[in-house]
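Residue-level listing of the chains:
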Amino acid sequence: MRMSKLFVQTLREFPSDAEVISHKLLVRAGYIRKLTNGVYNYLPLMWRVLKKIENIVREEMDNAGAQELLMPFVQPAELWHESGRWDVYGKELMRLKDRHNREMCLGPTHEEVITSIGREGIRSYKQLPVNLYQIQSKFRDEIRPRFGLLRGREFIMKDAYSFDADEQGLDKSYEIMAKAYNKIFERCGLETKMVQSDSGAIGGSVSHEFMVLVNEEAENNAGENDVFYCTKCGYSANSNHAVSILNPVETDGKFETAQIVDTPNVHSIEGLAEFLKVPQSVICKCLIYVIDGKYVAALIRGDRTVEETKLMNAFQGNDIRIARNDEIDEIMQASGFNAIAGFIGPKGLKNVEIIADETVKELKNFVIGINQTDKHLIGANWGIDVELPQKTEDIRLVEENDKCVDCGAPLKVTKGIEVGNIFKLGTKYSKAMNATFTDKDGQEKPFIMGCYGIGISRTAAAAVERHHDEYGIKWPLAIAPYTVIIVPVSDQDETQMKVAEDIYQKLLDAKIEVILDDRQERAGVKLKDADLIGIPYRITVGKTIQDNLVEFKERATNNTITITPEEAVKRILAL
RNA sequence: CGGGAUGUAGCGCAGCUUGGUAGCGCACCUCGCUUGGGACGAGGGGGUCGCAGGUUCAAAUCCUGUCAUCCCGACCA
């Protein structure tokens, strides 16, 4: 490709609306342009990168025995009613009506459609297992799209779905996908960690996420997930799913008798601990949440944080948020109290479900709110002063240095970008949508299903997050838009141009993806652009061509060597 | 949806406080000059100042409304 003809506009400055480095660089280097909030044009360079990733995904999926197909982007509401998700998916599902007023939606994922395909096409266990996948644009009307390609509303995704006759079959399909995923990301030049995760709105039981770990030092951390991991045994999990063994702390408030004390204006745990001169760990915190419109009081030890996903899952909820002050007022009224937030306790609450984190069980002589503003109960004990809630579960957020449940070593935390995700769905969709096959014994059984996603466009952005420097992108070779760029320093020097053209022709003949920067620009512009765009190899033809020498630069390391044009061509061909 | 901010040329911004005929840098076009790290000179094109009302002799500037975008929280590939 001749640079003078390539459709790309690099910018001298970073766009002002970009926050993370991948977004800044992809816009500045001319890969993407925003069309509207969370929706981007993939310009020619970007499209080449995406196709590279897609092809790696295709090869590995095909090797793993999956078959590619393509499902519609627009889906009928009926299927979503069958699965029950029309009512629970929420506002991310972009709903629309056709001219006959029939309800449709833009596909955010394709479990419903694939299940309908499976139930029509698979009649016998003899056809199983089956794994079908597609690569396609998805649309999720995200509450807050941001970070460019890392969280768009429209994005490109590979989604695969497996059908098996039994659990063992699913385990095997799942295992095969996990292996394929590791290979895919490795080939894309991305180191990933497979971590346990919550299965969220898609449903099912077991799930893992593939995280690209990003270092904490980065000025704007694009990693939206906290990953806890054990350096000793390899345990790793998303914070929404991670579990731990707590380090011992003081859980006895040492108050000899239970009594109500004045705690004027002290409505934070920190303030309360300071005021009463006790550690936060002897206070029982009570937080009011709204889960699917119902009130829930969550009790947890004062020094710990509630993990909202765990809490929501404890009630099989779809939506969770902390209660507003007016909602707390409403609860207080209904229960015959009038306390404000900060003094709430579980005792005597009406129309509120109460759940306790496991951490509160061991509390003795502790401090707790009793629904009286500016007062707390100290020296409280379960069963005497306050009833221990029936429902106790692990609803806490793990913290760094908590101990690993598998081996006891301290856990570490890091940020991660989720580029892939695999789920064991089980029979959630096949049962709901009556998708069955006939098993060996002649029985009709629902498919045991799995689903497996890879964010193609997000993977590209994650690669930029991991591979860049102050000058621009450093694409891993396997997903770079072009392999090599030839830069003649002066377009007025006939020898330079002739050699550059010659190298270009040789590489073209060898089917190498090559750019010749034939623009009438000064050297500085061409060299800056080459670095910014991030082509893995650069051959610079300058004055030293008099001695039959060119500069050969590897962008990944920024190492340069001076060699003959013939040698440069040879090195590229040897890649 | 809650909290904060911003909308002026393709990109980055000034002008607004104190109303008076819309500016700067980059990019773009022409000519010259220049060619190893985003040169220089001369000339040129491009904007209903987000949109709609209002105040005023006069609005980018003041007022009201509205839309959009960005940042912080809940979502997720």
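Reading the values: rules and limits
Residues numbered from 1 in each chain as written. Chains lettered and ligands numbered in written order. Predicted model: local features only at pLDDT ≥ 70, side-chain atom pairs only at ≥ 80, totals over all residues. Heavy atoms only, no water. Helix = DSSP H or I, 4+ residues; strand = E, 2+ residues; numbered from the N terminus. Buried < 20%, exposed > 50% of the residue type's maximum accessible area, 1.4 Å probe, protein only. Contact = heavy atoms within 4.5 Å. Areas by Shrake-Rupley, 256 points an atom, 1.4 Å probe, with all protein chains shown as cover. Core = buried A, V, L, I, M, F, W, Y, C linked by side-chain atoms within 4.5 Å. Domains from an automatic or database assignment. Salt bridge = Lys/Arg side-chain N within 4 Å of Asp/Glu carboxyl O. Pairing = 2+ DSSP bridges. Axes fitted to C-alpha atoms, helices over the stretch in contact; angles between N-to-C directions. Near = heavy atom within 4 Å. Polar contact = N/O pair within 3.5 Å; in protein donor to acceptor, adjacent residues only side chain to side chain. Nonpolar A, V, L, I, M, F, W, Y, C, P; charged D, E, K, R; others polar. Phe/Tyr/Trp six-rings, centres within 6.5 Å; stacked < 30°, edge-to-face > 60°. Lys NZ or Arg CZ within 6 Å of the ring centre and 35° of its normal.

1. Regarding the overall build of chain A
The secondary structure content of chain A amounts to 14 helices and 31 strands. The principal-axis extent of the C-alpha atoms belonging to chain A is close to 95 × 65 × 50 Å. Within chain A, buried positions represent 53% of all 575 residues. Pairs at least 24 apart in sequence give 69% of the contacts found in chain A among residues at least 6 apart. Carbon together with sulfur atoms contributes 47% to the accessible area of chain A, which is approximately 26400 Å² in total.

2. A word on the nonpolar core
Counting 65 residues, the largest nonpolar core has Leu26, Tyr31, Met46, Tyr181 and Trp475 as its most contacted members. The greatest single-element share of this core, amounting to eight residues, is contributed by helix α2 (residues 44-63). Composition of this core by domain shows at least three residues from each of domain 1 (21-243 + 413-466) and domain 3 (482-574). Of all hydrophobic cores here, the second largest spans 26 residues; its members include Cys284, Ile328, Val352 and Val386.

3. Some thoughts on the pattern of salt bridges
Inspection of every chain in the model, using the stated rule, returns 41 salt bridges. Of the charged contacts in the structure, one is a salt bridge between Lys415 and Asp226, with a shortest N-O distance of 3.1 Å. Highlighted residues: Lys415 in strand β21 (residues 411-426) and Asp226 in strand β11 (residues 225-230), separated in sequence by 189 residues. Given a relative accessible area of 23%, Lys415 falls into the partly exposed group.

4. With respect to the sheet that holds strand β4 (residues 74-76)
Within the open sheet, the three strands sit side by side as β4-β6-β5. Their pairing is antiparallel. Of all the strands in the sheet, the pair left with one neighbour each is β4 and β5 (95-97). When strand polarity is set aside, the average angle formed by the axes of neighbouring strands in this sheet is 40°.

5. Some points on the protein's contact with RNA strand B
Around RNA strand B lies a shell of 56 residues, among which Arg12, Glu142, Ile143, Asp531 and Glu551 are the nearest. Close to the protein, within 4 Å, the atoms of RNA strand B are drawn from sugar and phosphate at a rate of 48%. Between a base nitrogen of RNA strand B and a side-chain N or O atom of Asn225, the distance comes to 3.4 Å. Here a base oxygen of RNA strand B sits 3.5 Å away from a polar atom, N or O, in the main chain of Val489. Those elements giving two or more residues to the surface near RNA strand B turn out to be β1 (32-36), β8 (154-164), β21, β24 (448-455), α13 (523-533) and β29 (537-541). With eight residues, the single largest contributor to the surface near RNA strand B is α13. For the surface near RNA strand B, the class distribution of residues is 17 nonpolar, 14 polar and 25 charged.

6. Here's the deal with the environment of Ile533
Within the fold, Ile533 resides in helix α13. With 363 residues separating them in the primary sequence, Ile533 and Leu170 have C-alpha atoms 43 Å apart. For Ile533, the contacting residues outside a window of four places in its chain are Met3, Thr10, Ala29, Tyr31, Leu45, Ile473 and Trp475.

7. Section: the packing of aromatic side chains
Evaluated as defined, the whole model comprises ten aromatic pairs. Seen from their ring centres, Phe163 and Phe447 are 5.1 Å apart, and the 80° between their planes marks the pair as edge-to-face. Of this pair, Phe163 sits in strand β8 while Phe447 sits in the loop between β23 (444-446) and β24, and the two are 284 residues apart along the sequence. A relative accessible area of 0% means that Phe447 is categorised as buried. Between Phe185 and Phe210, the ring centres sit 5.9 Å apart and the planes meet at 35°, which makes this aromatic pair tilted. Within this pair, whereas Phe185 is found in helix α6 (residues 167-187), its partner Phe210 is found in strand β10 (residues 207-214), the two being separated by 25 residues in sequence. Exposure remark for Phe185: the relative accessible area of 0% places this residue in the buried category. Take Phe210: its relative accessible area is 0%, and that puts it in the buried class. The ring of Tyr482 carries the charged tip of Arg48 above its face, separated from the ring centre by 3.9 Å. When the ring centre of Tyr174 is taken as reference, the NZ or CZ atom of Lys424 above it lies at 4.9 Å.

8. Focus: the sheet that holds strand β31 (residues 559-563)
Overall, mixed pairing links the five strands, which are arranged β28-β27-β29-β30-β31 in an open sheet. Where the open sheet ends on each side, the last strands, each with one partner, are β28 (514-516) and β31. Taking each pair of neighbouring strands and ignoring which way they run, the sheet shows an average axis angle of 20°. Judged from the five bridges that link them, strand β27 (residues 484-488) and β29 form a sheet pairing that is parallel. Note on β29: the bridge partner recorded for Ile486 is Ile539. The sheet strands contacting helix α12 (residues 494-509) are β27, β28 and β29, and the helix crosses β27 at an angle near 165°.

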